[in-house]
Amino acid sequence: MDLGFWRSKSEPTLYIKSQGQYTFLLSLYVNDLIYTGNNTEMMMEFKEDMVNTFEMNDLGLMSYFLGIEVSQINEGIFISQKKYTEGLLKKFNMYGFKSVATPLITNEKLLKNNEAPKADASKYISLTGSLLYLTVTRPDIMYATSLLSRFMQSPSQIQFGA
């Protein structure tokens with residue numbers, strides 16, 4: 001705040017600084033920070049202030065943050081969660097399984113109360129929560145994951161299979 005930043009009302013970890021036509025964005029997460037802006041001089045000045053004030057390391061251009069891989073090239077910035085996805089597949093013993101084009105079987109009705117045996121709720125919750133985080137870069141699985149999250153209280157083997 002002393003450096004002229006104001007805190008975003010909608011995102012408490014985001015700080016913004018404006019100087020005329022220039023904007024500087026700073027996001028804090030625990031003891032990490034990432035920043036960007038449209039003025040190199042503002043960014044260099046901020047970096048110098050931080051290095052002089054705190055003991056810190058500059059890791060250069062961001063390449064990985066919170067499970068998201070970042071690739072910055074001339075054509076743009078691209079994000080993916082390949083490493084995170086592979087970790088999920090291994091964690092839930094699905095690595096090497098055959099992939100499918102659609103995340104859910106078409107026209108399958110998933111009922112809250114069915115006769116199927118109950119699934120391991122903690123494993124179901126862990127998998128569903130992990131898939132919800134994956135929707136950051138895979139919005140195509142949002143509907144299926146949101147639908148399956150409705151059954152977290154008492155999942156059956158049918159819902160776990162779906």
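Okay, so let's go over this structure.

Scoring rules and cut-offs
- Residues numbered from 1 in each chain as written.
- Predicted model: local features only at pLDDT ≥ 70, side-chain atom pairs only at ≥ 80, totals over all residues.
- Heavy atoms only, no water.
- Salt bridge = Lys/Arg side-chain N within 4 Å of Asp/Glu carboxyl O.
- Helix = DSSP H or I, 4+ residues; strand = E, 2+ residues; numbered from the N terminus.
- Buried < 20%, exposed > 50% of the residue type's maximum accessible area, 1.4 Å probe, protein only.
- Axes fitted to C-alpha atoms, helices over the stretch in contact; angles between N-to-C directions.
- Parallel < 35°, antiparallel > 145°, perpendicular 65-115°, else oblique.
- Left-handed = near helix turned anticlockwise from the far one by under 90°.
- Contact = heavy atoms within 4.5 Å.
- Nonpolar A, V, L, I, M, F, W, Y, C, P; charged D, E, K, R; others polar.
- Pairing = 2+ DSSP bridges.
- Arc of directions from axis to C-beta.

## Quick look at the pattern of salt bridges
Then, number 1: With the rule as written, the count across this model stands at two salt bridges.
Then, number 2: Notably, a salt bridge pairs Asp-58 with Lys-47, separated by 2.5 Å at the nearest N-O pair. With a gap of 11 residues between them, Asp-58 in the loop between α1 (40–53) and β5 (64–65) and Lys-47 in helix α1 connect regions that are remote in the sequence.
Then, number 3: Under the relative-accessibility criterion, Asp-58 is labelled partly exposed at 47%.

## Some words on the packing of helix α3 (residues 121–134) against helix α4 (residues 142–149)
Then, number 1: Running from amino to carboxyl end, α3 crosses α4 at an angle of 150°, the nearest separation of the two axes being 9 Å. Classified by the interaxial angle, the pair formed by α3 and α4 is roughly antiparallel. Crossing geometry of α3 relative to α4 is assigned as left-handed. Contacts between α3 and α4 involve Tyr-124, Thr-128, Leu-131 and Leu-132 from the former and Thr-145, Ser-146, Leu-148 and Ser-149 from the latter.
Then, number 2: The class makeup of the residues in the contact of α3 with α4 is four nonpolar, four polar and no charged.

## Some remarks on the packing of helix α2 (residues 82–91) against α3
Then, number 1: At a closest axis distance of 11 Å, the pairing of α2 and α3 adopts a crossing angle of 165°. The angle between α2 and α3 places the two elements in the roughly antiparallel class. The two elements α2 and α3 cross, and the hand of that crossing is left-handed. Here Tyr-84, Thr-85, Leu-88 and Lys-91 of α2 come into contact with α3, specifically with Ser-126, Ser-130, Tyr-133 and Leu-134.
Then, number 2: Broken down by class, the residue content of the contact of α2 with α3 amounts to four nonpolar, three polar and one charged.

## Quick word on the sheet that holds strand β3 (residues 22–29)
Then, number 1: Judged by pairing direction, the sheet is antiparallel, and its four strands sit side by side in the order β1-β2-β3-β4 without closing on themselves. Looking at which strands have only one partner, the edges of the open sheet turn out to be β1 (6–7) and β4 (32–37).
Then, number 2: Both β3 and β4 contribute to a ladder of six bridges, which runs antiparallel. Across the sheet, Phe-24 pairs through a bridge with Gly-37, a residue of β4.
Then, number 3: Where α1 meets the sheet, its contacts fall on β2 (14–19), β3 and β4, and the angle it forms with β4 comes to roughly 155°.

## Digging into α4
Then, number 1: Considered for burial, the residues of α4 that qualify are Ala-144, Thr-145, Leu-147 and Leu-148. One face of α4 carries all of its buried residues, which in axial projection span an arc of 160°.
Then, number 2: Of the surrounding secondary structure, the elements contacted by the buried residues of α4 are α3 and α5 (157–161).

Just geometry here; none of it tells us what the structure is for.
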